[in-house]
Amino acid sequence: DIEVPESHPRYQSLLTRHRIEAGVEKGITSKQGLIAEGRGEAFDYLLGERTLDSADEAERAAAAHLLLARHPVVSVNGNVAALCPAELVELAEATGADLEVNLFNRTEERVRAIADHLREHGAREVKGLAADERVPGLDHERAKVDADGIHDADVVLVPLEDGDRAEALGRMGKTELVVDLNPLSRSPRVAAVPIVDNVIRAIPNVTRYARDLRDAPREELEAIVEAFDREAALADAERAIREGGG
Ligand code: PTJ
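Here the structure is a predicted model, which means the values were calculated and not measured.

Points about the site of the ligand
Not every one of the 25 residues close to the ligand is listed here, only the nearest: Ala 36, Gly 40, Asn 77, Gly 78 and Phe 104. Residue assignment for the shell around the ligand shows that the elements contributing at least two residues are α2 (31–46), α4 (78–83) and α10 (199–213). Looking at the shell around the ligand, the element that brings in the most residues is α2, giving 7 residues. In the shell around the ligand, the residues fall into 10 nonpolar, 11 polar and 4 charged.

Here it is as C-alpha cells:
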C-alpha cells in the first residue's frame, strides 16, 4: 500500500508511518497517534528494529496467559487499528479473546470507525460500543468499557496503553500484557508481561505462539507463565537501548 521498494533500508518504518497517516485520514487514528508513532519509531530505531530475545520470551508468555485466561480481551486503540487490524483479528481467533475498542481520546465516531475497520478485516464481533461499565479511578470518557468485555476480563492485552489506565486496570485485579517500545514508560512497568517490541512484530508473534501452544497441557502453559521474569525483560530492553541495538 505504499510505493517504497522493499529493499529500502527504512522500508518497514516508512510503511508503518504511511499506515498511521492513512489511519488519521480514515478517522481511525487520533492526531496524537502521529506523535505516539514518532516516539515509538525512535525507540524502535534504538532497539535495532528487531525483536529482542527477551521480547520473544515475553510474547510466548503473553500467549500462554491468553490461552489460560477465563476471559481474555485484546484492547484496540487508534494506532494499533491502523497498524495491524488483520493481525489483531487473527490473534483474537487464535486465543478465543474478545476484541474491544478502548480509546485514550474517546469519541463515539472514532469507536465506530475502528469497529467498522476491524470488521472489514474479518472481525465478527467487536466490543467497546456498549460502554455500559466504568473502570474505577479514571475520568469519565477514559473509564468507559463494556460490562461483558474488559470489565469482566481476567487477562487484557493492552498495546500502547497509557500509564494511568494501566494502573487502574491493575487495581481491578486484571493481568495486563502490555506492548510498548519504551521500557521506561509506566504501562510496561506495571504489566505482568511487558512486551518491549513494535506491535507490528509483537502481535503476529504472540499469535504464532498461541497456535503452537493451543494443545499444550495447562501445566505447560502455567510453567511458561511462571518462568517469565518481567524485571529481566525490562532490564534487557534497557540494556539493548543503551548498548545500541545489541
Ligand atoms: O487511539 P487512542 O485515543 O486510544 O490513542 C492512542 C495513543 C497511542 C495516541 C495514546 O494512547 C497515547 O497518547 O499514547 P502515548 O502516551 O503517546 O504512549 C504511546 C507509547 O507507545 C509510547 O511509549 C511509544 O513509545 C509506544 N509506541 C508507539 N508506537 C508503537 C509503540 N509501541 C509499540 N509499537 C508501536 N508501533
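What about the UniProt feature "binding site: ATP" (unreviewed entry) in the protein?
The sites that carry the UniProt feature "binding site: ATP" (unreviewed entry) are, in the present numbering, Arg 17, Arg 39, Asp 180, Leu 181, Asn 182, Arg 186, Ser 187, Asn 198 and Val 199. In summary, the annotated positions, distributed over 183 residues, remain apart in three dimensions as well, the widest C-alpha pair reaching 24.2 Å. Tracing the backbone through its elements, the reader meets Asp 180 in the loop between β6 (175–179) and α9 (186–190). Here Asp 180 falls in the buried class, since 30 other C-beta atoms lie within 10 Å of it. Once residues within four sequence positions are removed from consideration, Asp 180 is found in contact with Leu 160, Ser 185, Ser 187, Pro 188 and Val 196. Of note, Val 199 is situated in helix α10. Val 199 gets classed as buried once you count the C-beta atoms within 10 Å, which come to 22. Ignoring any residue separated from it by four or fewer positions in sequence, one finds Val 199 in contact with Val 80, Leu 83, Cys 84, Pro 159, Leu 160 and Val 179.

Details of helix α3 (residues 53–68)
With 16 residues, α3 should cover 22 Å at 1.5 Å per step; its first-to-last C-alpha distance of 23 Å lies within 8% of that length. Counting buried positions over the 16 residues of α3 gives 13, a clear majority of the element.

Details of the packing of helix α1 (residues 11–25) against α2
Relative to each other, α1 and α2 sit at 170°, their axes nearing to 9 Å. Between α1 and α2, the interaxial angle falls into the category roughly antiparallel. Here α1 contributes Ser 13, Arg 17, Ile 20, Gly 23 and Val 24 to the contact with α2, which in turn contributes Lys 31, Gly 33, Leu 34, Glu 37 and Glu 41. By residue class, the composition of the contact of α1 with α2 is 3 nonpolar, 3 polar and 4 charged.

Notes on the pairing of strand β1 (residues 72–76)
For β1, the tally of buried residues reaches 5 of 5 residues, placing the bulk of the element in the interior. Residues of β1 alternate between two faces, with Pro 72, Val 74 and Val 76 on one and Val 73 and Ser 75 on the opposite face, all of them buried. Here 3 bridges tie β1 to strand β5 (residues 155–159), and the two strands are oriented parallel to one another. Paired with Val 74 across the strands is Leu 157, a residue of β5.

A closer look at the environment of Glu 59
With respect to the helices, strands and loops of the structure, Glu 59 is situated in helix α3. Put simply, Glu 59 and Arg 214 are 155 residues apart on the chain and 14 Å apart in space, counted from C-alpha to C-alpha. Excluding residues within four positions of it along the chain, Glu 59 makes contact with Ile 195, Ala 202, Asn 205, Val 206 and Tyr 209.

A word on the packing of α3 against α10
Running from amino to carboxyl end, α3 crosses α10 at an angle of 55°, the nearest separation of the two axes being 8 Å. Overall, the two elements α3 and α10 adopt an arrangement that is oblique. In the packing of α3 onto α10, the handedness of the crossing is right-handed. Together, Asp 56, Glu 59, Arg 60, Ala 62, Ala 63, Ala 64, Leu 66 and Leu 67 of α3 and Ala 202, Asn 205, Val 206, Tyr 209, Ala 210 and Leu 213 of α10 make up the contact between the two elements. In the contact of α3 with α10, the residues fall into 10 nonpolar, 1 polar and 3 charged.

Quick notes on the environment of Thr 16
Mapped onto the elements of the fold, Thr 16 is located in helix α1. For the pair formed by Thr 16 and Cys 84, sequence separation is 68 residues and the distance between their alpha carbons is 9.4 Å. Other than its neighbours up to four places away in sequence, Thr 16 contacts Leu 83 and Ile 200.

As for the confidence of the model for the protein
Here the protein averages 95 in pLDDT, and 98% of its residues register 70 or above. As scored by the predictor, the complex reaches a pTM of 0.96 and an ipTM of 0.98.

Some remarks on α2
The end-to-end C-alpha separation of α2 is 24 Å, in line with the 22 Å expected for 16 residues at 1.5 Å each. Along α2, the residues that are buried comprise Gly 33, Glu 37, Gly 40 and Asp 44. Taken down its axis, α2 places every buried residue within 70° of arc, on the same side. Residues of α2 that are exposed and point more than 90 degrees away from the buried face comprise Lys 31, Gln 32, Ile 35, Gly 38 and Ala 42.

Definitions and limits used
- Residues numbered from 1 in each chain as written.
- Predicted model: local features only at pLDDT ≥ 70, side-chain atom pairs only at ≥ 80, totals over all residues.
- Near = placed C-beta within 6 Å.
- Helix = DSSP H or I, 4+ residues; strand = E, 2+ residues; numbered from the N terminus.
- Nonpolar A, V, L, I, M, F, W, Y, C, P; charged D, E, K, R; others polar.
- UniProt positions renumbered as here; feature names shortened; annotations may be inferred.
- Buried ≥ 20, exposed ≤ 12 C-beta atoms within 10 Å, placed from the backbone.
- Contact = placed C-beta atoms within 7 Å.
- Expected span 1.5 Å × (residues − 1).
- Axes fitted to C-alpha atoms, helices over the stretch in contact; angles between N-to-C directions.
- Parallel < 35°, antiparallel > 145°, perpendicular 65-115°, else oblique.
- Pairing = 2+ DSSP bridges.
- Left-handed = near helix turned anticlockwise from the far one by under 90°.
- pLDDT = per-residue confidence, 0-100.
- Arc of directions from axis to C-beta.

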